[in-house]
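Chains, contacts and geometry: an overview
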Amino acid sequence: MSRREPVAAEFDTGLPVLVLRTDANIFHHGTMGVIRSLGRAGVPVHAVLESGAAPAAASRHLRQRHRFGPSAPDGAPAALVAHLNRIGRRIGRPALLVPMDDGGAIFIAENSAALAERFVFPRQEPRLPRTLANKSAVAARCAEAGVAYPEIRLPLSGQDVDEAIKQWGLPVIAKWAKPWRLGPGQRSTTVLRTPEDAHALFAEAAARPAAGPLILQRAIVSPRAVDWFFHGYFDDASRCLFAGTGRKRLSCPPEAGHTVVGEWLPNPELEEIGRTLGRVLGYRGVLDLDFRLVPESGTYYLLDFNPRLGAQFRLFTDRRGLDLVRVMHLDLSGRPVPSVQPAYGRTMLVENHYLRPSVLLAAAGMPRMRLLRTAEEYAWLAADDLKPFLLMGAQSVIRAAEKFAAPRLSGARRGRSAASEGTQRTVSA
């Protein structure tokens, strides 16, 4: 169970925090991590949450939940600016604004002047987060920095889909260029294992023009491939003040999803790649990068660039209690940032995803119970803050029951409909 970590640094409790999500995801454990990390340090933490039913809303470390506002940064930026400034007035003093999704990071960078009176945040180049979050545009920026990126295609026809499969083979990775525009429950990344799957998803593209275009990406396939990630914080001169490299032990969905079990491990080569990429781009603030290492060639391929705090950031909590959001708070409040004291071997586990059937299948042969017992950090379970874990568990059970019942109810309705039609035909005859 997560233990109370030491807090070596002195935090400015006069700089409150507002955690921002622009999409409706009540199970986002990164939001939970920010609330606990800064709340334990004595910082007043506010959050824009979907509803009081969100597990994070039950945290004892949350000072106040604020109403979820306009959720489309591209569609109604003025309305979202006005909503946040109203929240800022209620808080009563400038607050550190922390986005937890790509849409929020894009919105803050592009509306920084309108938010500057009420909020503090890294002063990013306005268009950079949009470019880096766009799965088709980021490839060119990676090439500028000398970072390997898998080949991509933007199919315009079914023939283009077939040509990509012929050239690369299966599986193929499909991504939406602007994932922050997807609706609730829609996946940004899909592993396509058959031509039929590829054509079916391509046909769906017409129904999702805002999130498009659909991108096909060559899968980095190797029996020895290893998935890694890099998290870093860059100051206003693009100097990396805190960095960590972690290995994905399990992901959800397997092979193409976010971290379910991660471990902090030393990787000087990958750390240098991440630091260099941030410096070359002139990046400011927190970033989260996903890589796949192909040992045969020694190449690290960048799979995803997230221009904001990663959900699993609490994995990188050092021996003095520093993590990425704490470093950002120290830096932006004008306080010194101590050098990192890595806690290599530290592990983090996301409970609600770990128990999914597809993840358990992928974990076959792993010491699953030992992982559950020995993780240093859990996404939801914490000895000093149990309510969010209990609420997450209850809501997960309800959702699972609803998914299980839905096909049965649908089948029963179809059966009743067919029986009714048969009776009507008999009576008519």
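Quick notes on the rules
Residues numbered from 1 in each chain as written. Predicted model: local features only at pLDDT ≥ 70, side-chain atom pairs only at ≥ 80, totals over all residues. Heavy atoms only, no water. UniProt positions renumbered as here; feature names shortened; annotations may be inferred. Helix = DSSP H or I, 4+ residues; strand = E, 2+ residues; numbered from the N terminus. pLDDT = per-residue confidence, 0-100. Contact = heavy atoms within 4.5 Å. Salt bridge = Lys/Arg side-chain N within 4 Å of Asp/Glu carboxyl O. Buried < 20%, exposed > 50% of the residue type's maximum accessible area, 1.4 Å probe, protein only. Pairing = 2+ DSSP bridges. Axes fitted to C-alpha atoms, helices over the stretch in contact; angles between N-to-C directions.

A short note on the UniProt feature "domain: ATP-grasp" (unreviewed entry) in the chain
- UniProt tags residues 139–333 as "domain: ATP-grasp" (unreviewed entry).
- End C-alpha to end C-alpha, residues 139–333 measures 34 Å, and it is 26% helix and 32% strand.

A closer look at the confidence of the model for the chain
- Of the residues in the chain, 91% reach a pLDDT of 70 or more, and the chain-wide mean stands at 89.
- Overall, residues 418–429 carries pLDDT values under 50, and its contacts beyond four positions in sequence, including any with other chains, amount to zero contacts.

Regarding the pattern of salt bridges
- Going through the model one piece at a time under the given rule, you end up with 22 salt bridges.
- R292 serves as the salt-bridge partner of D227, at 2.6 Å between the closest nitrogen and oxygen. Taken together, the residues span a long stretch of sequence, with D227 in strand β10 (residues 226–234) and R292 in strand β13 (residues 285–294) at a distance of 65 residues.
- According to the relative accessible area criterion, R292 is buried, its value standing at 13%.
- Each of R314, D323, R346 and E377 takes part in salt bridges that share partners, so that together they form one network.

Let's talk about the sheet that holds strand β2 (residues 45–49)
- Pairing is parallel in the open sheet, where five strands are placed in the order β3-β2-β1-β4-β5. Each end of this open sheet is capped by a strand with a single partner; those strands are β3 (64–67) and β5 (119–120).
- Across the sheet, helix α1 (residues 29–40) touches β1 (17–20) and β2, and the angle it forms with β2 is around 165°.
- Here helix α10 (residues 324–332) sits on the sheet in contact with β1, β4 (95–99) and β5, set at roughly 145° to β4.

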